[in-house]
Amino acid sequence: MNAAYLYLQLYRLFDDATPVPFDCGKACGRACCRGDDSGMFLFPGEEAVFSLLKPDWASVEYSDLTYIFDEKEYRVPILFCKGSCDRYQRPLSCRIFPLTPYLDKNGRLEIINDPRAKSVCPLPLAFSPEEYERTFSDNVRKTSKLLLFNPRIAAFLEAYSRYLDEFEQFYKQEDI
Ligand code: SF4
Ligand code: SF4
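Described in the following lines is the structure provided in the data block.

### Looking at helix α6 (residues 134–148)
Turning to step 1, where the next piece is worked out: The first and last C-alpha atoms of α6 sit 21 Å apart over 15 residues, in line with the 21 Å expected at 1.5 Å per residue.
Turning to step 2, where the next piece is worked out: All of the buried residues in α6 are F136, S137, N139, V140, T143, S144 and L147. End-on, the buried residues of α6 take up no more than an arc of 160 degrees, which puts them together on one face. Along α6, exposed side chains directed more than 90 degrees from the buried face belong to R134 and K142.

The structure is reproduced here in structure tokens:
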């Protein structure tokens, strides 16, 4: 299946599904959309969406995070925006924020509050992953399960989860 088409279909699951039933951006000043240099990781193949749509509010670069698939090393693409976007074109990481898929050390899929969100977003302080809007958390789980069937995405998720582990460790030490 064409990767851009797959992601565009998945995006639709989050056109209306949001973590909480109100505009959380009003309370925090849209803290997750500052357009700073942190960027949002793209899932493997998702960069095809942005090659296709060519949005003028975003650029795609390659991060230092890598994963191995089929004996080849891949760098994870990352999207930088200017702090605003076309809501219907935003990437998957933005749509599922502040949740994220995570593979534990046994390769089991969990849906967790993204440890990187904790210093930015007030939601993880107030809600556990099960406490978000049901449709939102169900769609994050459904999407993650589906993506995990793809061996290249599974390889990415493994490396990404270890990166989250390191971040969580750092977060605990710094007590951010
Ligand atoms: S930082 Fe969190 S609370 Fe604020 S807009 Fe983003 S998701 Fe909503
Ligand atoms: S792409 Fe859109 S939703 Fe994602 S961080 Fe930028 S402004 Fe926010």
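Having seen it, we continue.
### Here's the deal with the site of ligand 2
Turning to step 1, where the next piece is worked out: In the region of ligand 2, the neighbouring residues are C32, C33, W57, C81, G83, S84, C85, R90 and C94.
Turning to step 2, where the next piece is worked out: A breakdown of the residues in the shell around ligand 2 according to their chemical character gives six nonpolar, two polar and one charged.

### Quick word on the side chain of S144
Turning to step 1, where the next piece is worked out: Relative to the helices and strands, S144 resides in helix α6.
Turning to step 2, where the next piece is worked out: Judged by relative accessible area, which is 4%, S144 ranks as buried.
Turning to step 3, where the next piece is worked out: When neighbours within four sequence positions are excluded, S144 is seen to be in contact with P101, L109 and I111.

### Let's talk about the site of ligand 1
Turning to step 1, where the next piece is worked out: Around ligand 1, a shell composed of C24, G25, C28, C32, F97, C121, P122 and L123 is seen.
Turning to step 2, where the next piece is worked out: Here the element with the most residues in the shell around ligand 1 is helix α2 (residues 24–28); it accounts for three residues.
Turning to step 3, where the next piece is worked out: A class-by-class count of the residues in the shell around ligand 1 yields seven nonpolar, one polar and no charged.

### Considerations on the environment of A154
Turning to step 1, where the next piece is worked out: Looking at the element boundaries, A154 is found in helix α7 (residues 151–174).
Turning to step 2, where the next piece is worked out: Judged by its relative accessible area of 21%, A154 is partly exposed.
Turning to step 3, where the next piece is worked out: Each C-alpha atom, one on A154 and one on P44, is 9.5 Å from the other, the two residues being 110 residues apart in sequence.
Turning to step 4, where the next piece is worked out: Beyond its immediate stretch of four places on either side in the chain, A154 contacts L103 and L148.

### Re the nonpolar core
Turning to step 1, where the next piece is worked out: Within the largest apolar cluster, 43 residues are counted, with the highest numbers of intra-cluster contacts made by Y7, F43 and L92.
Turning to step 2, where the next piece is worked out: Top element by residues in this core is α7. It accounts for seven residues.
Turning to step 3, where the next piece is worked out: Leave out the neighbours within four places in its chain, and L92 touches Y7, Y11, F14, F43, E46, T143 and L147.

Thresholds applied
Residues numbered from 1 in each chain as written. Chains lettered and ligands numbered in written order. Predicted model: local features only at pLDDT ≥ 70, side-chain atom pairs only at ≥ 80, totals over all residues. Heavy atoms only, no water. Helix = DSSP H or I, 4+ residues; strand = E, 2+ residues; numbered from the N terminus. Expected span 1.5 Å × (residues − 1). Buried < 20%, exposed > 50% of the residue type's maximum accessible area, 1.4 Å probe, protein only. Arc of directions from axis to C-beta. Near = heavy atom within 4 Å. Nonpolar A, V, L, I, M, F, W, Y, C, P; charged D, E, K, R; others polar. Contact = heavy atoms within 4.5 Å. Core = buried A, V, L, I, M, F, W, Y, C linked by side-chain atoms within 4.5 Å.

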